[in-house]
Amino acid sequence: MAAVPLLVDVDTGIDDSLALLYLLAGPEAELVAITCTAGNVPARQVATNNLAWLELCSHPPVEVALGAEVPIVQALMTTEETHGPQGIGYAELPAPTRSISERHAAQVWIEEARRRPGELTGLVTGPLTNLALAVTLEPDLPHLLRRVVLMGGAFNHPGNTAPTTEWNIAVDPEAAKIVFDRFAVAVNRPIVCGLDVTERIALTPEHLRRLAEAAGSTPVELLRPDDGDDDRSRASNVVIKQVSDAVRFYLQFHRDSGRGFIAHMHDPFAAAVALDPTIAVLRPATVDVELAGTLTRGQTVADWDGLWGRQPNAEVVVDADPAAFLDAFIERVGALARRVG
Ligand code: BDR
Ligand code: CA
């Protein structure tokens, strides 16, 4: 199967990190560029994290471009309590030696899409600020890209940032609205992976144990809810060690917010959908973003039945097979870690 050429925009982030590893793992993905949005942590930290993961994996250089450092209208909020002080939990990645691109993220999306019209899949696992800027500068972007896959929103499901609002949309609701509005003309509608599905994809310590085993890492460790905060992995494999230390923080965050000692795999799932949309069950809808609600700002509202009299502008993921995805994740990232050693 030919590799899927990808433009990836992230706010790395623990689950963004795992999404990148999923993509770096195999020939099915051709990473054209990685662009950085402020979200989980500030954009410059996102860029450092991306460069550091690439180098840890001894991956050939990929352009990493800085994008918007603040949302379009509102002030930036970040969430170090979810992802750790640097966005990578307890992981401590060696400082990258490669540099940030001189191009702006929006410029990267526009220029690369123009260079390969109709070929590139765009994947966004952070706030939609950069994509909104790009489509504002180049209104033809929906036709120049093959399609976009987004992690964001919550459909008939509670939010994780406000009662009805998911994080990526909450950080920059205006950007999200621009993207849903402008991409209404796309032949292949944007695929949207919302919380209602991604919260069903729960990584457990047992999955991490299987990942270490797949990588041939020793000792094979099992993280426990009552481990001390200062405990760190002693894995022989560098990728497994850093993943374990990153995910330990994410497991603790989920535990402390009452979700159990698990980690939701929002962004890795979206990455998998970008490589192969057939793993998701899709339902067309007209999606819009609430900007004015005093309690509901940033809510993604889906009209499933054409009640607004507007054409569908999105394919919303309504179902998936979490076990199959997690098996694929272990296989791909385990093989990557084994190669790196
Ligand atoms: C999304 O919010 C971020 O914290 C995660 O990285 C993911 O992209 C889930 O709501
Ligand atoms: Ca993210």
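Along each chain, residue indices are assigned from 1 in the same order as the chain's sequence is written. In the order they appear in the text, chains get letters beginning with A and ligands get numbers beginning with 1. Totals for whole chains, interfaces and linings use every residue, but because this is a predicted model, local features are given only for residues with pLDDT of at least 70 and side-chain atom pairs only at 80 or more, for both listing and counting. Remark: hydrogens and water are excluded; side-chain values derive from all non-hydrogen atoms of the structure.

## What about the overall build of the protein chain?
Then comes step 1: A run of DSSP states H or I qualifies as a helix once it reaches four residues; a run of E qualifies as a strand once it reaches two. Both are numbered from the N-terminal end. Along the protein chain, the regular secondary structure elements total 13 helices and 11 strands.
Then comes step 2: It is over C-alpha atoms that the radius of gyration is taken, and the globule rule equals 2.2 Å times the number of residues to the power 0.38. Taken over C-alpha atoms, the radius of gyration comes to 19 Å for the protein chain, in line with the 20 Å a tight globule of 341 residues would show.
Then comes step 3: Based on the C-alpha atoms only, the size of the protein chain along its principal axes is roughly 60 × 40 × 40 Å.
Then comes step 4: Within the protein chain, buried positions represent 59% of all 341 residues.
Then comes step 5: Here, residues are in contact when the closest pair of their heavy atoms is within 4.5 Å. Of the contacts made within the protein chain by residues no fewer than 6 positions apart, 80% connect residues no fewer than 24 positions apart.
Then comes step 6: For the protein chain, the exposed surface amounts to about 13,000 Å²; the carbon and sulfur share of it is 52%.
Then comes step 7: A positive count includes Lys and Arg, and a negative count includes Asp and Glu. His and the chain ends are not counted in either. The atoms used to mark charge sites are NZ of Lys, CZ of Arg, CG of Asp and CD of Glu. In the protein chain, 27 positive and 45 negative side-chain charges are present, and the distance between their average locations comes to 3 Å. Burial classes follow relative accessibility: with a 1.4 Å probe on protein chains only, a residue under 20% of its type's maximum area counts as buried, one over 50% as exposed, and anything between as partly exposed. Under the convention used here, a 1.4 Å probe and the Shrake-Rupley method define accessible areas, while residue burial counts only the protein chains that appear.

## Considering the site of ligand 1
Then comes step 1: A cutoff of 4 Å decides nearness: a residue is near a molecule or strand if any of its heavy atoms lies inside that distance of it. Not every one of the 13 residues close to ligand 1 is listed here, only the nearest: Asp-15, Asn-40, Asn-160, Glu-166 and Asp-267.
Then comes step 2: Within the side chain of Asp-15, one N or O atom sits 2.5 Å away from an oxygen atom of ligand 1.
Then comes step 3: Counted as a polar contact is a pair of N or O atoms within 3.5 Å, where, for protein atoms, one must be capable of donating a hydrogen and the other of accepting one, and residues adjacent in sequence contribute only when both atoms are in side chains. Between an oxygen atom of ligand 1 and a side-chain N or O atom of Asn-168, the distance comes to 3.1 Å.
Then comes step 4: Residue classes follow a fixed rule: Ala, Val, Leu, Ile, Met, Phe, Trp, Tyr, Cys and Pro count as nonpolar, while Asp, Glu, Lys and Arg count as charged, and any other residue, Gly among them, counts as polar. Class assignment for the residues of the shell around ligand 1 results in three nonpolar, six polar and four charged.

## Let's talk about the coordination of the calcium ion (ligand 2)
Then comes step 1: Note on donors: an N, O or S atom is included if it sits within 2.8 Å of the metal, or within 3.2 Å for Na, K and Ca, and water is never included, so sites can look incomplete. Around the calcium ion (ligand 2), the donor atoms from the protein are Asp-11 (OD), Asp-16 (OD), Asp-16 (OD), Thr-125 (O) and Asp-267 (OD), and they sit 2.2 to 2.6 Å away.
Then comes step 2: The sequence pattern describing where the donors of the calcium ion (ligand 2) fall on their chain is D-x4-D-x108-T-x141-D. Of this pair, Asp-16 sits in helix α1 (residues 14-24) while Thr-125 sits in the loop between β4 (121-124) and α5 (129-137), placing them 109 residues apart in sequence. Like Asp-16, the residue Thr-125 is buried in the burial classification.

## Let's talk about the packing of aromatic side chains
Then comes step 1: Here a pair means two rings of Phe, Tyr or Trp (six-membered ring of Trp) with centres within 6.5 Å. Their orientation is stacked below 30 degrees between planes, edge-to-face above 60, and tilted elsewhere. Applying the stated rule across the entire model yields six aromatic pairs.
Then comes step 2: An aromatic cluster of three or more residues is present, and its members are Tyr-22, Phe-269, Phe-325 and Phe-329.
Then comes step 3: When the ring centre of Tyr-90 is taken as reference, the NZ or CZ atom of Arg-232 above it lies at 4.1 Å.
Then comes step 4: One Lys or Arg, Arg-332, reaches over the ring of Tyr-22 and ends 4.7 Å from the middle of that ring. Throughout this description, the term charge over a ring refers to an Arg CZ or Lys NZ atom that lies within 6 Å of the ring centre and within 35 degrees of the ring normal.

## Some thoughts on the domain arrangement of the protein chain
Then comes step 1: The source of the domain bounds is an automatic or database domain assignment. What the domain assignment reports for the protein chain is domain 1 (4-201 + 263-340) and domain 2 (202-256).
Then comes step 2: Inter-centroid distance (C-alpha atoms) of domain 1 to domain 2 is 24 Å.
Then comes step 3: Listed by partner, the interface residues are 34 residues for domain 1 and 27 residues for domain 2.
Then comes step 4: When two parts are put together, the accessible area they lose, computed with a 1.4 Å probe and summed over both, is reported as buried area. Of the roughly 2,600 Å² buried between domain 1 and domain 2, counting both surfaces, carbon and sulfur atoms make up 70%.
Then comes step 5: On the domain 1 side of the interface with domain 2, the three residues burying the most area are Tyr-90, Ala-263 and Ile-330, jointly 31% of the side's total.
Then comes step 6: Throughout this description, the term salt bridge denotes a Lys or Arg side-chain nitrogen within 4 Å of a carboxyl oxygen of Asp or Glu. The tally of links from domain 1 across to domain 2 stands at one salt bridge.

## Brief notes about the sheet that holds strand β2 (residues 29-36)
Then comes step 1: Taken in spatial order, the nine strands of this open sheet run β3-β2-β1-β4-β5-β6-β11-β9-β10, and their pairing is mixed. Both outer strands of the open sheet, β3 (63-66) and β10 (300-303), are each paired with one neighbouring strand and no more. Going across the sheet, the axis of each strand differs from the next one's by a mean of 30 degrees, ignoring polarity.
Then comes step 2: Each pair of strands is called paired provided DSSP finds at least two bridges between the two strands. Relative to strand β5 (residues 147-151), β4 is paired through four bridges, and the arrangement is parallel. Looking across to β5, one finds that Gly-122 is bridged to Val-148. For helices, the fitted axis covers only the stretch in contact; all axes are lines through C-alpha atoms, and the angles between them, taken along N-to-C directions, range from 0 to 180 degrees.

## Focus on the nonpolar core
Then comes step 1: Core analysis: the biggest nonpolar cluster contains 78 residues, and Leu-6, Leu-21, Leu-23, Val-247, Phe-269 and Phe-325 have the highest contact counts within it.
Then comes step 2: Two domains each put at least three residues into this core: domain 1 (4-201 + 263-340) and domain 2 (202-256).
Then comes step 3: In contact with Val-247, not counting residues within four places along its chain, are Ile-14, Leu-18, Leu-203, Leu-208 and Ala-263. In plain words, nonpolar cores are sets of buried Ala, Val, Leu, Ile, Met, Phe, Trp, Tyr and Cys residues tied together by side-chain atoms within 4.5 Å.

## A few points about the side chain of His-264
Then comes step 1: Take His-264: it is sitting in strand β8 (residues 263-264).
Then comes step 2: Within the structure, His-264 has its side chain in polar contact with the backbone oxygen of Glu-199 (distance 3.3 Å).
Then comes step 3: What His-264 contacts, discounting residues up to four positions off in sequence, is Asp-15, Thr-198, Glu-199, Ile-201, Tyr-250, His-254 and Arg-259.

## Some remarks on helix α8 (residues 173-182)
Then comes step 1: When α8 is considered as a whole, its buried residues turn out to be Pro-173, Glu-174, Ala-175, Ala-176, Val-179 and Phe-180.
Then comes step 2: Structurally, α8 contributes buried residues whose contacts are with α5, β5, α7 (167-171), β6 (191-193), β9 (280-289) and β11 (314-320).

## So, unusual backbone geometry
Keep in mind that most residues, glycine aside, have a negative phi and that most peptide bonds are trans.
Then comes step 1: Across the junction of Thr-12 and Gly-13, the peptide omega takes the value -5 degrees, indicating a cis bond.
Then comes step 2: Examined against the element boundaries, Gly-13 turns out to sit in the loop between β1 (4-10) and α1.
Then comes step 3: In this model, Thr-218 is joined to Pro-219 through a cis peptide bond whose omega is -10 degrees.
Then comes step 4: Mapped onto the elements, Pro-219 comes out in the loop between α10 (205-215) and α11 (238-256).
Then comes step 5: With a phi close to 50 degrees, Ser-58 is a non-glycine residue in the positive phi region.
Then comes step 6: Notably, Asn-156 is not glycine yet its phi reads approximately 55 degrees, a positive angle.
Then comes step 7: Along the chain, Asn-156 falls in the loop between β5 and α7.

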